[in-house]
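Given next are the chains, with one letter for each unit.
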Amino acid sequence: SNLVTPIMVSPSQGIVGSVFNKAETVTIPDCYKDSRFDTSFDQITGYVTKSLIAVPILDFEGTPVGVIQAINKLPADFTEEMKGQ
């Protein structure tokens, strides 16, 4: 995070909470169309979350201990554009 104070999420909050509780990876192509999406983080940061993938972090027994997520997938041709710079 590039925030001075990281944003913490409870295990029952939003898409990340769902991933944590179900220990299942999700890929969301349009976050605002998903009823689990919590818009408060976009409101706090001013960022617009479009898409995301969220993956549970499991301990050796398979118990969720956290979630990692990546947001706003870059277009497929992004790497080609970057090669020209």
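Computed from a predicted structure; not experimentally measured.

Q: What is the right way to read the overall build of the protein from this model?
A: Of the regular secondary structure elements, the protein holds three helices and three strands. N-terminal to C-terminal, the α/β element order of the protein is α-β-α-β-β-α. Burial status across the protein gives 21% buried among its 85 residues. Sequence separation of 24 or more characterises 37% of the internal contacts of the protein that already satisfy a separation of 6 or more. When the accessible area of the protein is evaluated, it comes to approximately 6,400 Å², of which 58% is carbon and sulfur surface.

Q: Would you mind going over the packing of aromatic side chains with me for this structure?
A: The tally for this structure, following the rule as stated, stands at one aromatic pair. A ring pair is formed by Tyr32 and Phe37, whose centres lie 4.9 Å apart and whose planes are at 65°; its orientation type is edge-to-face. What makes Tyr32 partly exposed here is its relative accessible area of 46%.

Q: Please explain helix α1 (residues 14-22) as it appears in this structure.
A: For the α-helix, the turn length of 3.6 residues means that residues three or four positions removed from each other point alike. All of the buried residues along α1 are Ile15, Gly17, Ser18 and Val19. In the core, the buried residues of α1 are packed alongside β1 (26-28), β2 (52-58) and β3 (64-71). The first or second residue beyond α1 is Ala23, which carries a positive phi of 55°.

Q: What is the right way to read the side chain of Ser18 from this model?
A: Tracing the backbone shows Ser18 in helix α1. Given a relative accessible area of 13%, Ser18 falls into the buried group. The residues contacting Ser18, other than those within four sequence positions of it, are Ala23 and Arg36.

Q: Whenever I open this one, the pairing of β3 confuses me. Can you help?
A: The side chains of a regular strand alternate, residue by residue, between the two faces of the sheet. Where β2 meets β3, seven bridges bridge the pair, whose relative direction is antiparallel. Bridge pairing in β3 links Ala54 to Gln69. Between the end of β2 and the start of β3, which pair antiparallel, lie five residues, with Gly62 showing a positive phi angle near 85°.

Q: Whenever I open this one, the side chain of Asp42 confuses me. Can you help?
A: Among the structural elements, Asp42 can be located in helix α2 (residues 40-45). Lys50 is the oppositely charged side chain nearest to the buried, salt-bridge-free Asp42, at an N-O distance of 9.9 Å. The contact partners of Asp42, leaving out residues within four places of it in the chain, are Tyr32, Phe37, Tyr47, Val48 and Thr49.

Rules used throughout
Residues numbered from 1 in each chain as written. Predicted model: local features only at pLDDT ≥ 70, side-chain atom pairs only at ≥ 80, totals over all residues. Heavy atoms only, no water. Helix = DSSP H or I, 4+ residues; strand = E, 2+ residues; numbered from the N terminus. Buried < 20%, exposed > 50% of the residue type's maximum accessible area, 1.4 Å probe, protein only. Contact = heavy atoms within 4.5 Å. Areas by Shrake-Rupley, 256 points an atom, 1.4 Å probe, with all protein chains shown as cover. Phe/Tyr/Trp six-rings, centres within 6.5 Å; stacked < 30°, edge-to-face > 60°. Pairing = 2+ DSSP bridges. Lys, Arg positive; Asp, Glu negative; His and termini not counted. Salt bridge = Lys/Arg side-chain N within 4 Å of Asp/Glu carboxyl O.

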